[in-house]
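# Residue-level structure breakdown
Now for the letters of each chain:
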Amino acid sequence: MSAADTTTPAKVPPPRQAPPPAAWDRPRRPRGSGGAATPWLLLAPCLLVLALVMAYPLVRLVTLSFQKFGQPQLWGFQGAKWVGFANFRAVLGDGEFWAVVLRTLVFAAGAVVLTMVLGMAIALLLQRVSTWMKTLVNIVLVASWGMPVIVATTVFKWLFDSDYGILNALLSKLPGVHLIGHNWFASGPQGLAVIMLLVVWGAVPFVVITLGAGLTQVPKELEEAARLDGAGAWGVFRYVTLPILKPVIVMLTTLSVIWDMGVFPQVFVMRGGHPEAEFQVLNTYSYDRAFQVNDYAQGSAIALLTVVLLLGVVAVYMRQMLKIGDVE
């Protein structure tokens, strides 16, 4: 018997079978039509609320703007009469309307520029202070932002009061300044400047908090690289910080334009419910035309034209955001 016959053959282990794929590794089945409908189902409550709150007023606004609707129609003595574009022709042919439009645009532009400049400056300064100081300033900003508009307007009326205003008393302590008894609302430009300060005071906290959050996303490595390349503080801000913050700045600027062109309570309350002609902006002008002159149709036409102007601002915003998305 040879050695080959006496040697026990080696056992070959059976081939291993691959374990069944885990549940998360298995290929997922394509979703059916129910997956595409899920976002709409989640949005349905919000869309329903918007439809209930905005649809009827907007439809009613458009309807009134094409009708003759005054007190006789309001009390039911006469029926509403369709007049086509007569209300729009009357409004667009009125020189007072264009003066109000120009005043509103100048007011909104000044408020937006001042808000964005102050907001950016404060947000940048907050990046250089200690944590407890930043927290304290943020608490103050949120408190001022949460103050009701009527309360803030009342405070500003007291600050700029001609007889008891603390601002006149403080400014009069400066050499050569005599403002005791000065009426800031004697002229339109001065009064609108005061109202602009009120609007900016209420808008700056939101801008500061939003820009502060955006500044935390600026990579420190890029700023350090720019400094090593010889860029100063302005160069770092212009070529590093500003491009990264551009989407946030575009959003804030657009929202500020919409809010500042829609100013109503600040002007209305500051002037005691009866704004003079030199204080009229689009919203107060529409209100006066509807409820003081009792021409609800022309008031609706002015409001609709205001909406069209704001839609133009929104269109510019959407175009800028699409450009930013294409670049990214």
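Here, the structure is the one placed above.
Residues numbered from 1 in each chain as written. Predicted model: local features only at pLDDT ≥ 70, side-chain atom pairs only at ≥ 80, totals over all residues. Heavy atoms only, no water.

### Thoughts on the packing of aromatic side chains
- Counted according to the given criterion, the structure contains 17 aromatic pairs.
- The interplanar angle of 40 degrees and the centroid separation of 5.0 Å between the aromatic rings of Y287 and F291 together place this pair among those described as tilted. Placement of both Y287 and F291 in helix α13 (residues 282-291) is noted, with a separation of 4 residues, approximately one turn of the helix.
- Three or more aromatic residues link up through ring pairs in this structure, and these residues are F69, F264, F268, Y287, F291 and Y296.
- Between R60 and the ring centre of F69, over which it is positioned, the NZ or CZ distance is 5.5 Å. (Phe/Tyr/Trp six-rings, centres within 6.5 Å; stacked < 30°, edge-to-face > 60°. Helix = DSSP H or I, 4+ residues; strand = E, 2+ residues; numbered from the N terminus. Lys NZ or Arg CZ within 6 Å of the ring centre and 35° of its normal.)

### A look at the pattern of salt bridges
- Considering all chains together, one arrives at 3 salt bridges under this definition.
- Taking the shortest distance from any N to any O, the salt bridge between R289 and D94 comes out at 3.8 Å. Remark: D94 occurs in the loop between α4 (86-92) and α5 (95-126) and R289 occurs in helix α13; sequence separation between them is 195 residues.
- Under the relative-accessibility criterion, R289 is labelled buried at 18%.
- Classification of D94 as partly exposed rests on a relative accessible area of 25%.
- In this structure, E224 engages R227 in a salt bridge whose closest nitrogen and oxygen atoms are separated by 3.8 Å. Taken as a pair, E224 and R227 lie in helix α10 (residues 220-228) at a separation of 3 residues, close to a single helical turn.
- Take E224: its relative accessible area is 42%, and that puts it in the partly exposed class. (Salt bridge = Lys/Arg side-chain N within 4 Å of Asp/Glu carboxyl O. Buried < 20%, exposed > 50% of the residue type's maximum accessible area, 1.4 Å probe, protein only.)

### Regarding the side chain of D288
- Mapped onto the elements of the fold, D288 is located in helix α13.
- Despite being buried, D288 has no salt bridge partner; R289 is the closest side chain of opposite charge, sitting 8.7 Å away.
- Setting aside anything within four residues of it in sequence, one finds D288 in contact with P275, Q280 and V293. (Lys, Arg positive; Asp, Glu negative; His and termini not counted. Contact = heavy atoms within 4.5 Å.)

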